[in-house]
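# Tertiary structure, described
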Amino acid sequence: MTVDISTLDPRIISLGKEFFKSISGEAPSVFNKGWWTGKVMDWAMKNEDFKVQMFRFVDVLPYLNTSDSLSRHIEEYFAGDDSNIPDVLKWGATKTGIGGGLVAKVLNKTIRSNIEGMARQFIIGQKSSEAVKGIRKLRKDGFAFVLDLLGEATVSEEEAIAYREGYLEVLDAIHKECAKWGALDSSGDLDWGHAPKVNVAVKPSAFYSQSKPVSLEDTVQGMMESIEPVYKKVMDMNGFLCIDMEALKYKEPTIEMYKRLRKKYPDYPHLGIVYQSYLKCTEGDVREMLDWARAENLPISIRLVKGAYWDFETVIAKQNDWPVPVFTNKPESDIAFERISKMILENQDICHYACASHNIRSISAVMEMAKEMNVPDERYEFQVLYGMAEPVRKGLRNVAKRVRLYCPYGDLIPGMAYLVRRLLENTANESFLKQTFADEADVDILLENPEKTLERELANKPEPKPDKRPRYKGVNGELEPFNNFPPSDFTIKAEREAFPEAVAKLRNGFGKQYPLFINGQDVVTSDTLETYNPADTSEIIGTVCQAGIPEIDKAITGAKEAYLKWRDVSPRERAQVLLDAAKYCKENIYELSALQVLEVGKQWDQAQGDVAEAIDFMEYYAREMIRLGDPKRMGNAPGEFSQYFYQGKGVAAVIAPWNFPFAISVGMVSAAIVCGCPVVYKPSGLSSAIGYGLVEMFKAAGLPEGVFNYTPGRGSVMGDYLVDHPDIAVIAFTGSMEVGLRIQERAAKVQPGQEHCKRVIAEMGGKNAIIIDDDADLDEAVVGVLYSAFGFQGQKCSACSRVIVLDPIYDRFIHRLKEAAQSVKLGPSENPENYMGPVVDKGAQKNVLNYIEIAEQEGQVLVKREVSEDLKAKGCYVPMTIVEGITKEHRIAQEEVFGPVLSVMRAGSFDEAVDIANSTKFALTGAVYSRSPKHLEKAAKDFRVGNLYLNKASVGALVERHSFGGFKMSGVGSKSGGPDYLLQFMDPRLVCENTMRRGFAPISEDDDWIA
Ligand SMILES: Cc1cc2nc3c(=O)[nH]c(=O)nc-3n(C[C@H](O)[C@H](O)[C@H](O)COP(=O)(O)OP(=O)(O)OC[C@H]3O[C@@H](n4cnc5c(N)ncnc54)[C@H](O)[C@@H]3O)c2cc1C
């Protein structure tokens, strides 16, 4: 039977009113201003700055193990001395009446114990015995439970196993007890006559540390293998297991795992899954699940929630320029909640329903729909969170009887993160609880049909703020403001499938010859070089013609001839070529990325990121050229017209590296070209097939002949010749410090016939460090360091090669890092399960192995992980290596390795850590993980590198947002992808005309003229 929700509205509203009446005068303890928590929440809701600081402080509190660090953080978070700490925080301490220096100590202790008390309000116990005791009490009060073990983010398999063991331990403790518990409202063994007494919830990603959307099958299997023992134990106890739903990236594997578990144990019906109504896709997903259950004839159980990751999903989508997956108007989530509830209740014969909400309108709607549809009591129940909405749970128990409390238990460290989520939920303006108990909103509004609320809110919604970023006028009209090209979203099936398809397609075309491209013509040479797959050196990608001196001469002559014409093409038209080239890349992104997977061993996401960055460079530089291209009038004196403008310097030699084979090549080449400088491009011999992509791209974009010349070649044959050539005006280079310095030296020498002072732009090496402060969030820091050090095998100029860890957190961090490194999979990058693949070639392999030997001599090996012998025999693999005991005097702390070798250094204080970080000749990237505002401030000032990342990995620079480049021996020149970059390829000119003839001067509008 089906119902129309709108016709039920009067009944829903009337039930809701009764509900309100039955709880009138009561408030959840988090809003009770008679207590510390209620006072703090009240203050937080009135004062956004305090709220941010307070929640951040709660988050860091478990790491503040000494009274000094506690005092320091209280001071840093709450602005200065005692007198500035908000009174609300001091509450409880001032009552002690202790004066003088002791006051601070007492105050600090009180703040800590108040916050811990606040966390305990939401947690049923820290030990399994406490959990059992708490459950016993709840049951006495007539509530069923669902138990959840709090956990930190699982970064290693050791942690995943410990998490599972934690569940098994608490289940054992419950097992011993549960026989003694009488069933709720029933004389049998089942609560309410139908529900298992033991009910457990699990967060699947915490059971498998390698869960990631890009490798769906591995994630499903990993999660399932790890959860199954818990499920078996639950089944032994005749219990119920619910698979919670986490962030969107885990949705698909969670659903798939649920189905597999359900099918594997078809006769055991007590397995549930959660869906979140705030996701736009959930209605379809639930429909699909119900159809599946029917087709398989397997009864299922669904808990419907609105969803706990709204802010996270929105921020991540915005940061990545992905469509926002959640509804953005709160009533839309409420409407979806009611609609999906209805769909589930309509299918009550195959699906048991758990309505999880604290919202009296949502609950009343479910009750009335169930009543109208005659859904039997045993087919649905209500669930609320422990510690939240006590009046609601009490009211519910009175009306609906079947109420289950979701009870987290576990340590305070993960408990604090959970507390922050609950605080955010309770203080959000959109929260039903806040509106009801803090804002005391009108009951009619609170119970209104969300369709009506939506209508009203949309009508009153202010216009979105205008995007104030500049919009430049191109040849085809106004351009959208610059946005970074989005990274792949591997939650989308089509994205996951596109990569292997593109790889297979490329393989079919392997073995072709890549000619040079000079002055608009293909040029074939007798000297050629094979380029191979580093994961399997017998797989030849193609044969690349090699330019010698005659070809370089030809290319420079062609470029020089093209220069005068190209220089004078309008900046807007030059910009349009870049925009057309960017379009070509967008259309061919999978093929361009797949080639990187095969030619240089990039992982899928890294390869896509490389092509995306190339697109960004062209989109950004096109706009930049338009910005710089309009001549600027200088001064406003009447009778004089002074104009400042730029012209391309001349022919540019672009010498590119293999590690960002497309992005950096395109970045340097497109900058030169858009500035009016024709290019002679020498890609790395290790990535020349990828480099050929530029030929195809510029052909597609219709670039005139001679402006771009593709001349791969052996450095020993033509490298110096190209740099020394008198007709080269600009050299843009990215690569090692040794070659960069050599280029600068040679370019400084004026050659016969040379008419320019050569401009060298050189991005060179790095010896990048990440500092781990004693209060760092290790969930983030471990993952960030691992990714920075070993993503793309550590072969990024921005890669982290030193991690500097403060003494108090050293053991904890290192243990987690080591275990995380032991947990990732190694092997060909083509397989997305693998975190780390081969280094780029045999030469790199030899070099890195040499450094690993040095590292072993200088420090103590913590991790040395190798691929199987089989893979080793085929490809250019080196061990993933972490050594500790490294000091700044060691070679491994000073020399750039360009491979997966990470040195661990210990520091006694934050100042010392910064000092160690600065102790190399390089200054490229760096990162700091810290929750101390003062330390972050100090790092911003004193950790002197080109790109510093706070609480972020040291890699992954984005055009414009993280314009990239260093100083000291890391490079000369302005940041690529930044606002000064193009200026390096151009000469500024000024033309000043005297406009006065015989005492008469035309006066223009912006002249300084008499009023
Ligand atoms: C027993 C139980 C189990 C739970 N298990 C899970 C779980 O597995 N996974 C999970 O994600 N959550 C889970 N939750 C948490 C749950 O998502 C939140 O408690 C719930 O969203 C709060 O909704 P409400 O109906 O109580 O309150 P309301 O105040 O009516 O709704 C608040 C919710 O609305 C949504 N929202 C807020 N702002 C907007 C906006 N601008 N546009 C659109 N929507 C918005 C958010 O989801 C927010 O949480 C569980 C909750 C309970 C009670």
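Cut-offs applied
- Residues numbered from 1 in each chain as written.
- Predicted model: local features only at pLDDT ≥ 70, side-chain atom pairs only at ≥ 80, totals over all residues.
- Heavy atoms only, no water.
- Near = heavy atom within 4 Å.
- Polar contact = N/O pair within 3.5 Å; in protein donor to acceptor, adjacent residues only side chain to side chain.
- Areas by Shrake-Rupley, 256 points an atom, 1.4 Å probe, with all protein chains shown as cover.
- Nonpolar A, V, L, I, M, F, W, Y, C, P; charged D, E, K, R; others polar.
- Helix = DSSP H or I, 4+ residues; strand = E, 2+ residues; numbered from the N terminus.
- Expected span 1.5 Å × (residues − 1).
- Bend = angle between axes of the 7 residues up to and from the residue.
- Buried < 20%, exposed > 50% of the residue type's maximum accessible area, 1.4 Å probe, protein only.
- Disulfide = S-S within 2.5 Å.
- Pairing = 2+ DSSP bridges.
- Axes fitted to C-alpha atoms, helices over the stretch in contact; angles between N-to-C directions.
- Contact = heavy atoms within 4.5 Å.
- Phe/Tyr/Trp six-rings, centres within 6.5 Å; stacked < 30°, edge-to-face > 60°.
- Lys NZ or Arg CZ within 6 Å of the ring centre and 35° of its normal.
- 1 Å grid on protein atoms, 1.4 Å probe; cavity = no way out; pocket = protein on both sides within 12 Å on 5 of 7 lines; lining within 4 Å.
- Points joined across faces, edges and corners; volume = space filled by probe spheres on them.
- Right-handed = clockwise from strand over helix to strand, strands pointing away.
- Core = buried A, V, L, I, M, F, W, Y, C linked by side-chain atoms within 4.5 Å.
- pLDDT = per-residue confidence, 0-100.
- Patch = residues over 30% accessible without salt bridge, like charges linked within 9 Å, V, L, I, M, F, W, Y side chains within 5 Å.
- Salt bridge = Lys/Arg side-chain N within 4 Å of Asp/Glu carboxyl O.
- Parallel < 35°, antiparallel > 145°, perpendicular 65-115°, else oblique.

## Some points on the site of the ligand
Not every one of the 30 residues close to the ligand is listed here, only the nearest: Gly307, Ser333, Ser357, Glu425 and Phe432. Measuring from an oxygen atom of the ligand, one finds a backbone N or O atom of Ala308 at 2.8 Å. Within the complex, the protein chains bury 94% of what would otherwise be the 940 Å² of accessible surface of the ligand. Residues that form the shell around the ligand fall into these classes: 13 nonpolar, 10 polar and seven charged.

## A look at helix α21 (residues 549-567)
Taking 1.5 Å as the rise per residue, α21 with 19 residues should run 27 Å; its terminal C-alpha atoms sit 26 Å apart, in good agreement. Along α21, the largest kink reaches about 25° and is centred on Glu561. Those residues of α21 that fall on the buried side of the exposure criterion are Glu551, Ile552, Ala555, Ile556, Gly558, Ala559, Ala562, Tyr563 and Trp566.

## A closer look at the state of the cysteines
Tallied over the entire structure, the rule returns zero disulfides. This cysteine, Cys281, is not joined by any disulfide, and Cys351 carries the nearest cysteine sulfur, 17 Å off. A relative accessible area of 30% means that Cys281 is categorised as partly exposed. The structure places no disulfide on Cys351, whose sulfur is separated from the nearest cysteine sulfur, that of Cys242, by 11 Å. Using a relative accessible area of 0% as the deciding quantity, one classes Cys351 as buried.

## Re the sheet that holds strand β11 (residues 512-514)
The three strands lie next to each other as β11-β15-β14, forming an open sheet whose pairing is mixed. Of all strands in the sheet, those bounded by a partner on one side alone are β11 and β14 (528-533). Here the strands of the sheet are splayed against their neighbours by 40° on average, with no regard to which way each runs. Here helix α26 (residues 688-701) sits on the sheet in contact with β11, β14 and β15 (536-545), set at roughly 40° to β15.

## Considerations on the packing of aromatic side chains
Throughout the structure, instances matching the rule amount to 30 aromatic pairs. For the ring pair Tyr231 and Tyr268, a centre distance of 6.1 Å and an interplane angle of 80° mean the geometry is edge-to-face. On the criterion of sequence distance, the pair formed by Tyr231 in helix α9 (residues 216-236) and Tyr268 in the loop between α10 (251-264) and β4 (271-276) is long-range, its members being 37 residues apart. An aromatic cluster of at least three residues, connected via ring pairs, comprises Phe482, Phe617, Tyr620, Tyr621, Tyr981 and Phe985. Sitting above the plane of the Phe792 ring, Lys602 keeps its charged end 4.8 Å from the centroid. The ring of Tyr810 has Arg906 lying over it, and the distance from NZ or CZ to the ring centre is 3.8 Å.

## Some words on empty space enclosed by the protein
Counted by the stated rule, this structure contains three cavities of 30 Å³ or more. In this structure, the largest cavity occupies an estimated 100 Å³ of space. Lining the largest cavity are 15 residues; nearest its centre among them are Gly794, Lys796, Ala799, Ser801 and Phe898. Across the lining of the largest cavity, the residue classes tally to seven nonpolar, five polar and three charged.

## Description of the pairing of strand β3 (residues 240-243)
Sheet faces and side chains relate simply in a regular strand, where the side chains alternate between the two faces. With burial as the criterion, each face of β3 is covered, one bearing Phe240 and Cys242 and the other bearing Leu241 and Ile243. One ladder, built from four bridges, connects strand β2 (residues 199-202) with β3; its direction is parallel. Directly across from Val202, in β3, lies its bridge partner Ile243. Bridge count for β3 against β4 is three bridges, and the pairing is parallel. Within β4, the position partnered with Cys242 by the bridge is Gly272. Handedness of the crossover is the feature at issue here: the chain leaves β3, passes through α10, returns alongside β4, and the resulting connection is right-handed.

## Here's the deal with the sheet that holds strand β35 (residues 986-994)
Taken in spatial order, the three strands make up an open sheet running β16-β17-β35, and their pairing is antiparallel. Either end of the sheet is taken by a strand with one partner, and the two such strands are β16 (632-633) and β35.

## Considering the nonpolar core
In this structure, Met54, Phe57, Ile115, Ile174, Leu241 and Leu396 are the most contacted members of the largest nonpolar core, which totals 144 residues. Contact partners of Ile115, with chain neighbours within four places excluded, come to Trp36, Met54, Phe57, Val58, Leu61, Met416 and Leu419. Among the nonpolar cores identified, the runner-up in size contains 111 residues, and Ile541, Val654, Cys677 and Ala939 belong to it.

## What to know about the layout of surface pockets
Approximately 1100 Å³ is the volume attributed to the second largest pocket. Around the second largest pocket, the lining comprises 42 residues; the ones closest to its centre are Trp658, Phe733, Gly735, Ser736 and Val739. No other element matches the six residues that helix α28 (residues 737-748) contributes to the lining of the second largest pocket. Classifying every residue of the lining of the second largest pocket gives 19 nonpolar, 13 polar and 10 charged.

## Some words on the side chain of Ser341
With respect to the helices and strands, Ser341 occurs in helix α13 (residues 330-346). Only 2.6 Å separates the side chain of Ser341 from the backbone oxygen of Phe337, close enough to count as a polar contact. Setting aside residues no more than four positions away along its own chain, Ser341 makes contact with Leu304, Tyr353, Val366 and Met369.

## Some remarks on the confidence of the model for the protein
Per-residue pLDDT for the protein has a mean of 94; in total, 98% of the residues score no lower than 70. Of the regions scoring below 50 in pLDDT, residues 94-100 engages in three contacts with residues more than four places distant in sequence or in other chains.

## Here we look at the pairing of strand β17 (residues 640-648)
Across two bridges, β16 lies against β17 in antiparallel orientation. In the strand pairing of β17, Lys632 is matched with Tyr644. The antiparallel hairpin formed by β16 and β17 contains six residues in its connecting segment, where Gly635 sits at a positive phi of about 70°. Sheet analysis places β17 next to β35, joined by nine bridges and oriented antiparallel. Bridge pairing in β35 links Gly648 to Met986.

## Focus: a nonpolar patch on the surface
Nonpolar side chains collect at one region of the surface, where Ile1003, Trp1009 and Ile1010 lie side by side and expose about 350 Å² of accessible area between them. Mapping Ile1010 onto the fold places it in the segment after β35.

## What about the side chain of Lys649?
Note on placement: Lys649 falls in the loop between β17 and β18 (651-655). We classify Lys649 as buried; its relative accessible area is 13%. Of the polar contacts made by the side chain of Lys649, one reaches the side chain of Asp987; its length is 2.7 Å. Lys649 has contacts with Tyr563, Cys677, Ala729, Val730, His756, Arg759, Gln984, Phe985, Met986 and Asp987, leaving out every residue within four places of it along the chain.

## Section: the pattern of salt bridges
For the structure on display, the rule yields 76 salt bridges. Between Lys137 and Asp141 there is a salt bridge; the shortest N-O distance is 3.2 Å. The class for Lys137 is exposed, based on a relative accessible area of 54%. Ionic pairing is found between Arg507 and Glu539, a salt bridge with its closest N-O pair at 2.6 Å.

## As for the environment of Ile804
Relative to the helices and strands, Ile804 is located in strand β24 (residues 800-806). Note: C-alpha distance between Ile804 and Ile814 (10 residues apart in sequence) is 11 Å. If sequence neighbours within four positions are ignored, Ile804 has contacts with Ala769, Ile770, Ile771, Ile772, Met905, Ala907, Ala913, Ile916 and Ala917.

## As for the packing of helix α27 (residues 715-724) against α28
Put simply, α27 and α28 touch, their axes get as near as 8 Å, and they point 45° apart. Between α27 and α28, the crossing angle belongs to the class labelled oblique. Every residue of α28 that contacts α27 at Asp720, Val723 and Asp724 is listed here: Arg742, Ile743, Arg746 and Ala747. For the contact of α27 with α28, the class distribution of residues is three nonpolar, no polar and four charged.

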